[in-house]
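Chain by chain, the residues run as shown.
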Amino acid sequence: MNSSDSRSITIIGAGLAGALLATLLAREGWRVEVYEKRGDPRLKGYEGGRSINLALAERGRHALRQADADDAVMTQAVMMRGRMVHTSDGRQQLQRYGRDDSEVIWSIHRGDLNITLLNLAEQAGATLHFHRRLDKVDFDANLADFVDERDSGHQAIAFDSLVGADGAGSSLRAAMMRETDLGERTEFLGHSYKELEIPPAADGGFLIEPNALHIWPRGRYMCIALPNDEKTFTVTLFLPNESIPGDGDPSFASVRSGADARALFERDFPDALALIPELEADWERNPPGLLATLYLDRWHIDRRAVLLGDAAHAMVPFHGQGMNCAFEDCVALARQLVSQRDRAAAFAAFEAERKPNAEAIQAMALENYIEMRDRVDDPDFLLQRELERALQERHPGRFVPHYSMVTFMLIPYALAHQRSEIQRRILVDATRGRDSLAQIDWGAVDAAVTQRLDVLVDAA
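For clarity, every value in this text was computed on a predicted model and none was experimentally measured.

Participant: It is not clear to me how the packing of helix H13 (residues 379-394) against helix H15 (residues 413-431) should be interpreted in this structure. Could you clarify?
Facilitator: Axes are the key here: two packed helices are described by the angle between their axes and the distance separating the axes. At a minimum axis distance of 10 Å, the contact between H13 and H15 shows a crossing angle of 115 degrees. Read as a crossing pair, H13 and H15 show a hand that is right-handed. Contacts from Leu383, Gln384, Leu387, Glu388 and Leu391 in H13 reach Ile426, Leu427, Val428, Ala430 and Thr431 in H15. For the contact of H13 with H15, the class distribution of residues is 7 nonpolar, 2 polar and 1 charged.

Shown next, in the form of structure tokens:
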């Protein structure tokens, strides 16, 4: 079973990444066993315990196409053309993500997506085992011990290699850390979130514009709402964990009850409050979720185990790229495993390819939180966005907006981050002290673009 050319693999976690990787490898003729601690959501309903809405971008769709899953997934998706910004005085402004409807993102229900991918994995030949929680791993004997928490029964499974697709709280990562130091570091954001819901309208339609990601930015905190295909919206309120004395901003330390939440919404989100009839009940029922970034120095132990997705590089959700990045991981790992007989070399090549890109999108996700909560209604930011669109037209292929590189292209995240930093400096310098595009020194800014940016070619 431990021969270098064995084509068997054991995946821990039957969530989105685990199911997609299982499909990709099973379609290549691999023997794939998937172990999941929860029950089968196709039988008992989704019980993921995490945000039910996800933003699907081109990177994720490209990965789904490799598994012939895109068509089935997209029947459940709702298009989002851009950010619908709700200002404190009640105005609304749509800030498009791209140039037209060919450049959009898609809101999709996590549970529905998981069920679709599980069905595809099983159809491809993967074997799924539910109610199997990884308890410990004997890496010397290549044995993994699972517990069925329904009856506390144990089951020892021989494995060739383990793949950890079991999320930020990965049991496999914990087992690997007992074997060797992976250099694990977790940095908490100091902010958490609560989920609420906007129901359908009386006629069964959407209560607000469905084809947008709605944002209520309020400085150090914000509210967002993403559409669902059942005509609801999932609302997420992001607040600091603690209040800063004297600034008057709310926090989870000061907003404790449903009544406190209603008072906050009456003050800061009155137009949203009118849309959330079960605000107090939602607040009391849904626990706050933590926000953190996970960093590891190493993702694998020789040929015996490797981590991907949130198990390797959990990130804050503010660029909507966690799932998309994990799906890219799946494609990259499957490619290395199929092309290399040496399993340890495949894991090392996968880590070398994906780790810099994961670190880049982790950084960009943190940066995007500040933009979403504090800058989307700022005049300086809006002028920079206007100039960004103008430079995209003046220098097609050379000046590509940050959001387009991350969301609509397949170039490495690390390259998108590098170019975004250069472009941000060009935009800041060109707009400093100016109130409109009429005041821009076009000769200087055109020269800066030409000198500092090469023509960008998208990845295949």
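This is not the end of the story, as more comes after the structure.
Participant: It is not clear to me how the side chain of Asp329 should be interpreted in this structure. Could you clarify?
Facilitator: Mapped onto the fold, Asp329 is located in helix H11 (residues 322-339). Exposure remark for Asp329: the relative accessible area of 0% places this residue in the buried category. When sequence neighbours within four positions are dropped, the list of residues in contact with Asp329 reads Leu308, Gly309, His313, Phe350 and Arg354.

Participant: When you look at the pairing of strand S14 (residues 213-217) in this model, what are you seeing that I'm missing?
Facilitator: Walk down a regular strand and you will see the side chains alternate between the two sheet faces. Among the 5 residues of S14, 5 are classified as buried, and the element is accordingly described as predominantly covered. Burial along S14 is two-sided: the face carrying Leu213, Ile215 and Pro217 and the face carrying His214 and Trp216 are both buried. As paired strands, strand S5 (residues 82-86) and S14 are joined by 3 bridges and run parallel to one another. For Met84, the partnering residue across the bridge sits in S14 and is His214. A loop of 4 residues connects S14 with strand S15 (residues 222-227), the two strands running antiparallel in sequence, and Gly219 in this loop sits at a positive phi of about 90 degrees.

Participant: Would you take a moment to explain the side chain of His191 for this structure?
Facilitator: The topology assignment puts His191 in strand S13 (residues 185-198). With relative accessibility at 8%, the residue His191 sits in the buried group. Within the structure, the side chain of His191 is placed 2.8 Å from the side chain of Tyr369, a separation counted as a polar contact.

Cut-offs used in this document
Residues numbered from 1 in each chain as written. Predicted model: local features only at pLDDT ≥ 70, side-chain atom pairs only at ≥ 80, totals over all residues. Heavy atoms only, no water. Axes fitted to C-alpha atoms, helices over the stretch in contact; angles between N-to-C directions. Helix = DSSP H or I, 4+ residues; strand = E, 2+ residues; numbered from the N terminus. Left-handed = near helix turned anticlockwise from the far one by under 90°. Contact = heavy atoms within 4.5 Å. Nonpolar A, V, L, I, M, F, W, Y, C, P; charged D, E, K, R; others polar. Buried < 20%, exposed > 50% of the residue type's maximum accessible area, 1.4 Å probe, protein only. Pairing = 2+ DSSP bridges. Polar contact = N/O pair within 3.5 Å; in protein donor to acceptor, adjacent residues only side chain to side chain.

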